[in-house]
Amino acid sequence: MQARARQTASEPAEAPASVAVAADGSTLITPAYWAEACKTLAKRDRVMKRLIPQHGSACLESRGDAFTTLARSIVGQQISVKAAQSVWDRFAALAPELDAEQVLRLRIGDMRAAGLSARKVEYLVDLALHFSEKKLNEADWTAMDDEAIIAQLVAIRGIGRWTAEMFLIFHLLRPNVLPLDDAGLIKGISHNYFSGEPVSRSDMREVAQAWQPYCSVATWYLWRSLSPLPVAY
């Protein structure tokens, strides 16, 4: 990620704008900066000016549950949004409340039958152990910058930089995360800015200069440009 992007991204996110309850009973939190971000992006970037109005009032949402967000990110690694949702639905059906303690009580065979690979099962168990044994400093995350949180999370098996970046976007609602290794972002930039031609990391950074300090928001709209199904973790 570009140095400038990291400096801005390190600032803690603003307080959530609103809290709602989803159809499944989960809490949904939306970021306070969304309207200002959309206004700024539309003013600076011709692609954002075209994409943003296409999605009405839809915006980034956090479920307010750190374990669930990280678990969904692990499930979604290297598969499509649609496939990830299908696997997650089967996995979540294994327990009434899919928290760390319940995951540790699940049978490996049942988790594999839900569509999880052996490696992802191992990753989910390790993640559950970290939460169960309180190895993560959740109370400190609000005051920590993005890179410090990434460093803490990548110590968990199965969580690399991409997964940690999804956590920053979807749980902590950090506004300026640029996930350069994300396949959807790469494809979205290629399709919307380079007529489908392959793009380099340098190309992506150059495009993202106009998005500062709202790279997370621009990334979300590029994901939506590829699929009507909202990305969620």
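Just so you know, these numbers come straight off a predicted model, no measurement behind them.

The rules behind each value
Residues numbered from 1 in each chain as written. Predicted model: local features only at pLDDT ≥ 70, side-chain atom pairs only at ≥ 80, totals over all residues. Heavy atoms only, no water. Helix = DSSP H or I, 4+ residues; strand = E, 2+ residues; numbered from the N terminus. Contact = heavy atoms within 4.5 Å. Phe/Tyr/Trp six-rings, centres within 6.5 Å; stacked < 30°, edge-to-face > 60°. Patch = residues over 30% accessible without salt bridge, like charges linked within 9 Å, V, L, I, M, F, W, Y side chains within 5 Å. Areas by Shrake-Rupley, 256 points an atom, 1.4 Å probe, with all protein chains shown as cover. Salt bridge = Lys/Arg side-chain N within 4 Å of Asp/Glu carboxyl O. Lys, Arg positive; Asp, Glu negative; His and termini not counted. Charge placed at Lys NZ, Arg CZ, Asp CG, Glu CD. Buried < 20%, exposed > 50% of the residue type's maximum accessible area, 1.4 Å probe, protein only. Polar contact = N/O pair within 3.5 Å; in protein donor to acceptor, adjacent residues only side chain to side chain. Core = buried A, V, L, I, M, F, W, Y, C linked by side-chain atoms within 4.5 Å.

1. Considering the overall build of the protein
What the protein contains, in helices and strands, is 13 helices and 2 strands. The contacts of the protein with a sequence gap of at least 6 include a subset with a gap of at least 24, amounting to 67%.

2. Here we look at the packing of aromatic side chains
Tallying each qualifying case throughout the model produces 9 aromatic pairs. With a centroid separation of 5.4 Å and an interplanar angle of 80 degrees, the aromatic rings of F67 and F131 are classed as edge-to-face. Of this pair, F67 sits in helix 4 (residues 66–75) while F131 sits in helix 8 (residues 118–132), and the two are 64 residues apart along the sequence. Relative to F91, the ring of W88 has its centre 5.5 Å away and its plane inclined at 70 degrees; by these criteria the two rings are edge-to-face. Note that W88 and F91 are positioned in helix 5 (residues 81–92) at a spacing of 3 residues, about one turn of the helix.

3. Here we look at a negative patch on the surface
Residues D65, E97, D99, E101 and E138 make up a contiguous surface patch of negative charge. Residue E101 is classed as partly exposed on the basis of its relative accessible area, which comes to 38%.

4. Details of the side chain of N176
With respect to the secondary-structure elements, N176 resides in the loop between helix 10 (161–170) and helix 11 (183–193). Take N176: its relative accessible area is 1%, and that puts it in the buried class. Separated by 3.3 Å, the side chain of N176 and the backbone nitrogen of Y214 make a polar contact. Polar contacts involving the side chain of N176 include one to the main-chain amide nitrogen of C215, which spans 3.0 Å.

5. Examining the side chain of S73
When you line up the elements, S73 lands in helix 4. What makes S73 buried here is its relative accessible area of 0%. Looking at S73, its side chain comes within polar contact range of the main-chain oxygen of T69, at 2.9 Å. When near neighbours in sequence (up to four residues on either side) are disregarded, S73 contacts W162, T163, M166 and Y233.

6. Some details on the nonpolar core
Counting 72 residues, the largest nonpolar core has M48, F91 and W211 as the members making the most contacts within it. The residues touching F91, leaving out its near neighbours within four places in the chain, are L98, V103, L106, M111, A114, L116 and L124.

7. Considering the environment of V47
Note that V47 resides in helix 3 (residues 46–51). By relative accessible area, V47 is classed as buried at 1%. Separated by 146 residues in the primary sequence, V47 and Y193 have C-alpha atoms spaced 7.5 Å apart.

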